[in-house]
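# Remarks on the overall topology
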Amino acid sequence: MSAISAMVMPRADTLMALGRQIFFDSTLSASGRLSCASCHDQQYGWAAPNALAVQTGGIGGTASGLRAVPSLGYAQDTPPFTEHYREDDGDDSEDQGAAGGLMWDGRAESLKEQAALPLLSPLEMGNISRAAAVERLRVSAVAEAFRTAFGAHVFDDSLVAWNGLLAALDAFQQSPADFYPYSSKYDAFLRGEGALTARERRGLALFNDPAKGNCASCHPSARQREGFPQFTDRGFLALGVPRNRRIPVNADSTYYDLGLCGPLRTDLADRPDYCGAFKTPTLRNVARRQVFFHNGVFTSLEQVLRFYARRDTEGRLFYPVDKRGVVQMYDDLPRIYWDNLNVDPPFDRKPGQRPAFSDAEAADMIAFLRTLNDGYSETTPARR
Ligand code: HEC
Ligand code: HEC
């Protein structure tokens, strides 16, 4: 019997349970110290359990990452990356530009494809090859369950085992109870099973108001036809967030992380119009995060909201000021790409103008964002 024909496709719940075990198993990393969960901790909305801009990993466990860890929740419906996203609403659907895919630059097509990247990244789990990762799996605590699920001969062909490994991680990350429970206070409110406080309702109104936060234009908050809102349209935009000097690679003044146009993503390197654009993340569980934006430059929601309100009105609050007193605006995006910067509200202001919203209004929006943490309505039955 060949290894391939011995490959059994396990039941969905078996695969999910296996994926859960693998997700938490640090012996699958070269250092023996890093599991997926080391960087993606459920208590922190499946993002990093610390306030470091980037995590360390690799064989010695000391190689620095390049980007902040994104939250893993609510990625289940992410479409594959496309340059011409259309909402499926009939003939008149409009081309909304680049959207979809996983990672801050959308370079991974699916959860299954994505899982290969951290397993093999020299900055993360550090396996030098698929075969090396499979060998670690073969001698891990998961091996027996893996054989039970995929067949006794699954390790005879390392490609078969590798595919099983990715399929299990994919299945776990599709587990509704873990990754998209829709159990926040806001979900309870949408179901008519709970009320928001006056402050949270004010925050929601400001979040939606095109003349105030305008947040919902990119982070949709209303119930959609397909179900509850994900708080991301999965589009890509250049917001011009400040350079984060706490990321070691940024000590090289010629290094720029330009998102869609590279350098981590390589297929759109000839598209200067994409430089600086990063994926709009979900805001569900965002109040559980400790660093924000693709480079983790901000460490509080207050700072994030201040940036949205005052990026262009008071740049010196965010960007370095040189010896002559000149603010180095958009210091993480070379000037040749400044046309790409988003100037939709609240980014539609000029220096000296009034910001789109006040600090008090920002505080109301933050109160609303806190209603997006899962785990609120665990005592009430989760209905959709
Ligand atoms: C050393 C920290 C680290 C480890 C370990 C790690 N990740 Fe990540 N993960 C990241 C970072 C950083 C990103 C963003 C990378 C980028 O955009 O280039 C990311 C992105 C992701 C994404 C994309 C999320 C999205 O919405 O775009 C998924 C899914 C993911 N990781 C799953 C996993 C799985 C599964 C494992 C284990 C096999 C894992 N990660 C291990 C740091 C880590
Ligand atoms: C024009 C589209 C757009 C608008 C409007 C917008 N956002 Fe965003 N948001 C993004 C994009 C794109 C990113 C990621 C940018 C990056 O990392 O470079 C982001 C990131 C964030 C993050 C960081 C989340 C994380 O996981 O790191 C928060 C918080 C956030 N937005 C909140 C808001 C709030 C609150 C508003 C309204 C005041 C708002 N956004 C308006 C597109 C938008």
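Residues numbered from 1 in each chain as written. Chains lettered and ligands numbered in written order. Predicted model: local features only at pLDDT ≥ 70, side-chain atom pairs only at ≥ 80, totals over all residues. Heavy atoms only, no water.

## Points about the site of ligand 2
Which entries qualify depends on this criterion: Near residues are defined by distance, with any heavy atom within 4 Å of the molecule or strand qualifying the residue. Between N or O atoms, a polar contact is any pair within 3.5 Å; within protein, one atom must be a potential hydrogen donor and the other a potential acceptor, and residues adjacent in sequence are included only when both atoms are from side chains. A run of H or I in DSSP becomes a helix once it reaches four residues, and a run of E becomes a strand once it reaches two; helices and strands are each numbered from the N terminus. The classification used treats Ala, Val, Leu, Ile, Met, Phe, Trp, Tyr, Cys and Pro as nonpolar, Asp, Glu, Lys and Arg as charged, and all other residues, Gly among them, as polar.
Lining the immediate surroundings of ligand 2 are 25 residues, of which Cys215, Cys218, His219, His294 and Tyr308 lie closest. Separating a nitrogen atom of ligand 2 from a side-chain N or O atom of tyrosine 308 is a distance of 2.7 Å. When residues in the shell around ligand 2 are grouped by element, the largest group, 4 residues, is from helix H11 (residues 301-310). Classifying every residue of the shell around ligand 2 gives 16 nonpolar, 7 polar and 2 charged.

## Topic: the environment of aspartate 170
With respect to the secondary-structure elements, aspartate 170 resides in helix H7 (residues 158-173). Along the sequence, aspartate 170 and arginine 20 sit 150 residues apart, while their C-alpha atoms lie 9.8 Å from each other.

## Things to note about the site of ligand 1
Close to ligand 1 lie 24 residues; Cys36, Cys39, His40, Met103 and Arg107 are nearest. The contact in question runs from an oxygen atom of ligand 1 to an N or O atom on the side chain of arginine 67, over 2.9 Å. In the model, an oxygen atom of ligand 1 is placed 2.6 Å from a nitrogen or oxygen of the methionine 103 main chain. At 4 residues, the largest contribution of residues to the shell around ligand 1 is made by helix H4 (residues 111-120). A class-by-class count of the residues in the shell around ligand 1 yields 16 nonpolar, 4 polar and 4 charged.

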